[in-house]
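Report on the structure
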Amino acid sequence: MILPIVGYGNPVLKKKAGEIDASYPGLQQFIDDMWETMYNANGVGLAAPQVGKSIRLFMIDASPFEEEEEELKDFKKVFINAQILEETGEEWFFNEGCLSFPDLREDVSRKPKIRIRYQDEKFNTYEEEYEGIAARIIQHEYDHIEGIVFVDRITPLKRRLIKNKLTNIIKGITRPSYKMKFAQKS
Ligand code: NI
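Residues numbered from 1 in each chain as written. Predicted model: local features only at pLDDT ≥ 70, side-chain atom pairs only at ≥ 80, totals over all residues. Heavy atoms only, no water.

Quick notes on the overall build of the protein chain
Secondary structure summary: the protein chain contains 4 helices and 9 strands in total. What you see in the protein chain, going N to C, is helices and strands ordered as β-α-β-β-β-β-β-β-β-α-α-α-β. A compact globule built from 186 residues would reach a C-alpha radius of gyration of about 16 Å, and the protein chain, at 16 Å, matches this within 12%. Over its C-alpha atoms, taken along the principal directions, the protein chain stretches across nearly 45 × 40 × 30 Å. A burial count over the protein chain gives 49% of its 186 residues as buried. Sequence-distant contacts, at least 24 apart, represent 66% of the contacts inside the protein chain between residues at least 6 apart. For the protein chain, the exposed area adds up to about 9600 Å²; of that, 47% sits on carbon and sulfur atoms. (Helix = DSSP H or I, 4+ residues; strand = E, 2+ residues; numbered from the N terminus. Rg over C-alpha atoms; globule rule 2.2 N^0.38 Å. Buried < 20%, exposed > 50% of the residue type's maximum accessible area, 1.4 Å probe, protein only. Contact = heavy atoms within 4.5 Å. Areas by Shrake-Rupley, 256 points an atom, 1.4 Å probe, with all protein chains shown as cover.)

Some thoughts on the sheet that holds strand β2 (residues 45–47)
Strand order in the open sheet made by the 5 strands is β2-β3-β4-β7-β8, with antiparallel pairing throughout. Whereas interior strands pair on both sides, the edge strands pair on one side only; in this sheet they are β2 and β8 (125–131). Between one strand and the next, the sheet's axes are offset by a mean angle of 40°, whatever the strand orientation. Pairing between strand β7 (residues 113–119) and β8: 7 bridges, direction antiparallel. The residue bridging Gln-119 from the neighbouring strand is Thr-125, located in β8. Packed onto the sheet, helix α1 (residues 27–40) meets β2, β3 (57–61) and β4 (76–88) and runs at close to 45° relative to β3. (Pairing = 2+ DSSP bridges. Axes fitted to C-alpha atoms, helices over the stretch in contact; angles between N-to-C directions.)

A closer look at the coordination of the nickel ion
For the nickel ion, the full set of protein donor atoms is Cys-98 (SG), His-140 (NE2) and His-144 (NE2), at a range of 2.1 to 2.2 Å. Between the donor residues of the nickel ion, the gaps in sequence give the motif C-x41-H-x3-H. Of this pair, His-140 and His-144 both sit in helix α2 (residues 132–145), separated by 4 residues, roughly a single helical turn. Judged by relative accessible area, which is 6%, His-140 ranks as buried. Note on His-144: relative accessible area 1%, which makes it buried. (Donors = N, O, S within 2.8 Å, 3.2 Å for Na, K, Ca; no water.)

Here's the deal with the side chain of Asn-10
Within the secondary structure layout, Asn-10 lies in the loop between β1 (5–6) and α1. Excluding anything up to four places from it in sequence, Asn-10 contacts Lys-181 and Ala-183.

Examining the nonpolar core
Counting 24 residues, the largest nonpolar core has Met-34, Leu-57 and Met-59 as the members making the most contacts within it. Mapped by element, the contributors of at least two residues to this core are α1, β3 and β4. Per element, the largest residue contribution to this core is 6 residues, and it comes from α1. Leaving out residues up to four positions away in the same chain, Leu-57 has contacts with Ile-20, Leu-27, Phe-30, Ile-31, Met-34, Ala-47, Ala-48, Pro-49, Val-78, Phe-79, Ile-80 and Ile-145. Listed in part, the 23 residues of the second largest apolar core include Phe-65, Phe-79, Ile-116 and Ile-137. (Core = buried A, V, L, I, M, F, W, Y, C linked by side-chain atoms within 4.5 Å.)

Description of the pattern of salt bridges
Overall, the coordinates contain 13 salt bridges when judged by the stated rule. Glu-86 is the partner of Arg-115 in a salt bridge, and the nearest nitrogen-oxygen pair spans 3.4 Å. Placement of Arg-115 in strand β7 and of Glu-86 in strand β4 is noted, with a sequence separation of 29 residues between them. Overall, the relative accessible area of 25% leaves Arg-115 in the partly exposed class. Each member of the salt-bridge network shares a partner with another, and the members are Glu-96, Arg-110, Arg-136, Asp-143 and Arg-153. (Salt bridge = Lys/Arg side-chain N within 4 Å of Asp/Glu carboxyl O.)

Thoughts on the pairing of strand β6 (residues 105–110)
Every second residue of β6 is oriented toward a common face, the buried set being Glu-106, Val-108 and Arg-110 and the non-buried set Arg-105, Asp-107 and Ser-109. Pairing of strand β5 (residues 92–97) with β6 involves 6 bridges; the strand directions are antiparallel. Each bridged residue has a counterpart across the sheet, and for Glu-96 the counterpart in β6 is Glu-106.

Keep in mind these values describe shape, not function.
Okay, here's the thing in structure tokens:
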């Protein structure tokens with residue numbers, strides 16, 4: 001089932017999400033629904049708060065970036081209860097978008113390398129390192145479960161420049177091709 005994606009301005013995107021365990025009701029169905037929702041919106045990542053659930057769960061399918069980095073062809077994963085343990089290296093800019101911000105893209109600066117601990121759908125625990133675009137997508141989705149959105153990471157000047165666009169998203173004036181739940185739609 002395709003779920004409505006929560007737009008910028010909805011308080012759930014500002015909330016730090018909570019951990020879950022295997023007893024979380026309907027978990028597998030929820031994960032299936034999130035995949036369907038993400039693919040329907042042509043996203044490469046989706047975090048649970050973006051469909052209104054404040055839990056530490058996000059998923060990534062980075063295969064559209066195969067041309068940039070070949071190993072991303074098979075990078076499809078669910079991250080549960082993730083904790084980024086370390087971010088290292090010299091920050092670099094990458095042009096990011098977000099399904100909660102239709103028609104908006106901004107260059108965001110982040111460190112290139114991360115070490116992360118997380119659980120998979122069976123609640124096996126992993127500790128892994130990522131870099132490049134894989135790290136970048138993880139950092140973006142991880143921010144969502146920490147209550148941070150990508151426009152929180154641009155300069156105040158740049159944010160002023162996109163103020164009208166942000167207002168349009170809050171009010172639901174922006175009309176994406178996928179189903180959304182806007183913060184202030186009348
Ligand atoms: Ni996002």
